[in-house]
Amino acid sequence: MPYESKDDLKVIHIGFDDTDSISGKCTTNLAFKVVSKLTERGVTFIDYPLLVRLNPNIPWKTRGNGAVCIRIRTDSSEQIIEFLLKIIKSESDLVNGANPGLAIFEGESIPFSLRQFSGRAMNDVVKMEEAEKLAVQLSVQIFKYGQGLGIIGALASIGSLLEGDHTYEAIAYRKNEYLGSPRMLDKSKVSKVDINTYPFTFNCYDKIHDRILIAPHGPDPVFCGIRGEDPQIVISTLHEVMPVEKLEGYMVFRTNQGTGMHLQNELSQNEIRTHRAGYVRCTVTKKPVIIRGGHVMFEVSDFSNNQYPVAVYEPTGLGDVASKLLEGDSIDIGVGVSMNTPHRTNILNVEYLSILKIAKEIVNINPLCNKCKKRMKSEGKNKGFQCKICGDKKYSKISVTNIRDIQLGMYLPCSKAHRHLTKPLHRFGMEKNYPHVPNIIKPLHSDWFKRF
Ligand code: ATP
């Protein structure tokens, strides 16, 4: 669906990424600053800023592999681009290794090839040259700083329309004077809003581990973020947990967080490459073993009989159910593919486990004595079995079906081990699958951006 353009107003799509480093800064905070300036200029925002989480298995990401896209309608695109070039340079953590990229696309609809590029960046590794080639083909202006790797995420965020399932996050930012100091949040308030807003917010509070999930721990400017199903719920919930600390402001992003978007493609054998994400429908072929550290390892085969080693890491909390799997069980596993370095083979790291069919477990046990109803004792190898009460004999074991201690269903990591993209269990069935046509169906929430 095209974004409407009016008279001399142009629609421009601004994507940027890789502006931060482990030591500081934050791409969403830069988006907050950009929006703040654009608001002063009186541009029209035709969608909420998008916070697009890309392939979480990319090793050179800083944290959550998030890129930002801002879509506006304006009559002063040249001045805006000039301003963007300056702010990306001044507000990125270039000295600590950020490699920012900025992409600007002018046009009312997003070309299919850009949408495809974005789809691949969600679950595969894309090369910088591909991004540069596509930008030339589509006349996307790109600007690189440092090594400029950020143009991959910048382009991918523009190509991501989040037309189907999506969620929202209201992110609150700290004032400079508080950066690095502990974030003071009232745990009881957070756990209360978590209960009261269920199922319309997610990952606010982990009751099992009694942990707040809305605030990061590093020196970055994010104070906290409330994730949920619509702008109204994330804004009102944010107001309920507001701290005493004076904040810079907040902004609502539309996002693919909590949608499981990276795991939607089924991976065939030739797609199982290091760093890929997707799911594999398979059968357990080698019984799980629990190794040091509580990790669980087993083997599966897909329907073309390709065998893969699988790892369920302890922090996911999925080890308990995974260790009960047996040969013959049919499962779907959402996975990130990584290289098992010593063996130079790929290994599937489980992000979710869905048990589709439970195999029968047949075990051979000593026979029962027909008269005494007691289990007979073995007389030694190939010597049969004897009842110790009446002396009756039998010569073979009997086969019985064991009751398996495992249930069909979807199993997800515990919330503290969720990735940004992990779809919480309660969101299954809550997916938004209507086309999202910003500003045409519904204007943005009046309080989506606030500077205090
Ligand atoms: P934060 O979450 O704190 O904003 P981050 O985890 O998003 O940080 P970045 O610093 O943005 O990490 O680094 C991610 C880098 O990986 C960017 O340069 C981005 O362009 C690049 N990238 C993202 N997705 C892919 C992909 N699928 N293939 C190759 N490179 C990618």
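Here is what the cut-offs are and how they apply
Residues numbered from 1 in each chain as written. Predicted model: local features only at pLDDT ≥ 70, side-chain atom pairs only at ≥ 80, totals over all residues. Heavy atoms only, no water. Pairing = 2+ DSSP bridges. Helix = DSSP H or I, 4+ residues; strand = E, 2+ residues; numbered from the N terminus. Near = heavy atom within 4 Å. Polar contact = N/O pair within 3.5 Å; in protein donor to acceptor, adjacent residues only side chain to side chain. Nonpolar A, V, L, I, M, F, W, Y, C, P; charged D, E, K, R; others polar. Buried < 20%, exposed > 50% of the residue type's maximum accessible area, 1.4 Å probe, protein only. Contact = heavy atoms within 4.5 Å. Domains from an automatic or database assignment. Buried area = accessible area lost by both parts, 1.4 Å probe. Salt bridge = Lys/Arg side-chain N within 4 Å of Asp/Glu carboxyl O. Axes fitted to C-alpha atoms, helices over the stretch in contact; angles between N-to-C directions. Parallel < 35°, antiparallel > 145°, perpendicular 65-115°, else oblique. Left-handed = near helix turned anticlockwise from the far one by under 90°. Core = buried A, V, L, I, M, F, W, Y, C linked by side-chain atoms within 4.5 Å. Phe/Tyr/Trp six-rings, centres within 6.5 Å; stacked < 30°, edge-to-face > 60°. Lys NZ or Arg CZ within 6 Å of the ring centre and 35° of its normal.

In spatial order, the strands read β19-β20-β21; together these three strands make up an open sheet with antiparallel pairing. Each of the sheet's edge strands pairs with one partner strand only, and the pair in question is β19 (377–378) and β21 (393–394). The pairing of strand β20 (residues 385–386) with β21 spans two bridges and is antiparallel. If you follow Phe385 over to β21, its bridge partner there is Lys394.

For the ligand, the set of nearby residues contains 23 residues, the closest of which are Asp18, Asp20, Thr62, Arg63 and Asn65. The side chain of Thr62 places a nitrogen or oxygen atom 2.5 Å from an oxygen atom of the ligand. By residue number, the principal contributor to the shell around the ligand is helix α5 (residues 150–159), which donates three residues. Broken down by class, the residue content of the shell around the ligand amounts to eight nonpolar, eight polar and seven charged.

Mapping His166 onto the fold places it in the loop between α5 and β7 (167–174). Its relative accessible area of 0% is what places His166 among the buried residues. One polar contact links the side chain of His166 to the main-chain carbonyl oxygen of Leu162, over a distance of 3.5 Å.

On to unusual backbone geometry, then. The peptide bond linking Tyr198 to Pro199 adopts the cis configuration, its omega dihedral lying at 0°. If you trace the backbone, Pro199 turns up in the loop between α6 (187–196) and β8 (201–202). Despite not being glycine, Asp18 shows a phi value in the positive range, around 60°. When you line up the elements, Asp18 lands in the loop between β1 (10–17) and α1 (27–41). Owing to a relative accessible area of 16%, Asp18 belongs among the buried residues under this scheme. Non-glycine residue Asn305 carries a positive phi angle of around 70°. Within the secondary structure layout, Asn305 lies in the loop between β14 (296–301) and β15 (307–312).

Of note, Gln307 is situated in strand β15. Residues Gln307 and Lys246, spaced 61 residues apart in sequence, show a C-alpha to C-alpha distance of 55 Å. With sequence-adjacent residues up to four places away left out, Gln307 is seen in contact with Thr285, Glu299, Val300 and Ser301. Within the structure, Gln307 has its side chain in polar contact with the side chain of Thr285 (distance 3.2 Å).

Moving on, we come to the domain arrangement of the protein. Here the protein is partitioned into domain 1 (10–161), domain 2 (261–358 + 404–420) and domain 3 (361–402). Computed from C-alpha coordinates alone, the two centres of domain 1 and domain 2 are separated by 33 Å. Of the residues lining the interface, eleven residues belong to domain 1; the matching set on domain 2 comes to 13 residues. Both sides of the domain 1 and domain 2 interface together cover about 1000 Å² of buried area, and 53% of this is carbon and sulfur. Counting across the interface, domain 1 meets domain 2 through two salt bridges. The closest approach of N and O atoms between Asp124 and Arg276, which form a salt bridge, is 4.0 Å. On inspection of domain 1 and its partner domain 2, the count reaches eight residue pairs in polar contact (both at pLDDT 80 or more). Among the residues forming the side of domain 1 that touches domain 2, the class breakdown is four nonpolar, four polar and three charged.

Packing of α1 against helix α2 (residues 77–91) leaves a shortest axis separation of 11 Å and a crossing angle of 150°. By the angle class used here, α1 and α2 are roughly antiparallel. With respect to the hand of their crossing, α1 and α2 are arranged in right-handed fashion. Facing α1, whose interface residues are Leu30, Lys33, Val34, Lys37, Leu38 and Arg41, α2 presents Gln79, Ile80, Phe83, Leu84, Ile87, Ile88 and Glu91. In terms of residue class, the contact of α1 with α2 is made up of eight nonpolar, one polar and four charged.

A side chain of one charge can pair with a side chain of the opposite charge when the charged atoms of the two come close. In this structure the tally under the stated criterion is 28 salt bridges. Ionic pairing is found between Glu229 and Arg427, a salt bridge with its closest N-O pair at 2.6 Å. Residue Glu229 is located in the loop between β11 (222–228) and α7 (231–241), and its partner Arg427 is located in the loop between β23 (409–411) and β24 (449–451); the two are separated by 198 residues in the primary sequence. Each member of the pair, Glu229 as well as Arg427, carries the same accessibility label: buried. Asp405 serves as the salt-bridge partner of Lys324, at 3.3 Å between the closest nitrogen and oxygen. On the criterion of sequence distance, the pair formed by Lys324 in the loop between α8 (319–322) and β16 (330–340) and Asp405 in the loop between β22 (398–402) and β23 is long-range, its members being 81 residues apart. In this structure, a network of salt bridges that share partners links the residues Asp165, Glu229, Arg427 and Lys432.

All right, on to the nonpolar core then. Grouped together as the largest cluster of nonpolar side chains are 57 residues, with contacts concentrated most on Ile14, Phe16, Leu38 and Ile70. Setting aside residues up to four positions removed in sequence, Phe16 forms contacts with Thr27, Leu30, Ala31, Val34, Ala67, Val68, Ile70, Ile88, Gly101, Leu102, Ala154 and Ser157. Core analysis: the next-biggest nonpolar cluster, separate from the first, contains 27 residues, Leu50, Ile110, Ala131 and Ile158 among them.

Considering all chains together, one arrives at seven aromatic pairs under this definition. Ring geometry for Phe32 versus Phe449: centroids 5.2 Å apart, planes at 40°, classification tilted. In this pair, Phe32 is assigned in helix α1 and Phe449 in strand β24, connecting sequence segments 417 residues apart. Both residues of the pair, Phe32 and Phe449, count as buried. Pairing Trp448 with Phe449 gives two aromatic rings, centres 6.0 Å apart and planes at 55°, and the pair type is tilted. Considered together, Trp448 and Phe449 belong to a single accessibility category, that of buried residues. One aromatic cluster is present, built from ring pairs that chain together Phe32, Phe45, Tyr48, Tyr168, Tyr173, Trp448 and Phe449. One Lys or Arg, Lys423, reaches over the ring of Phe428 and ends 4.4 Å from the middle of that ring.

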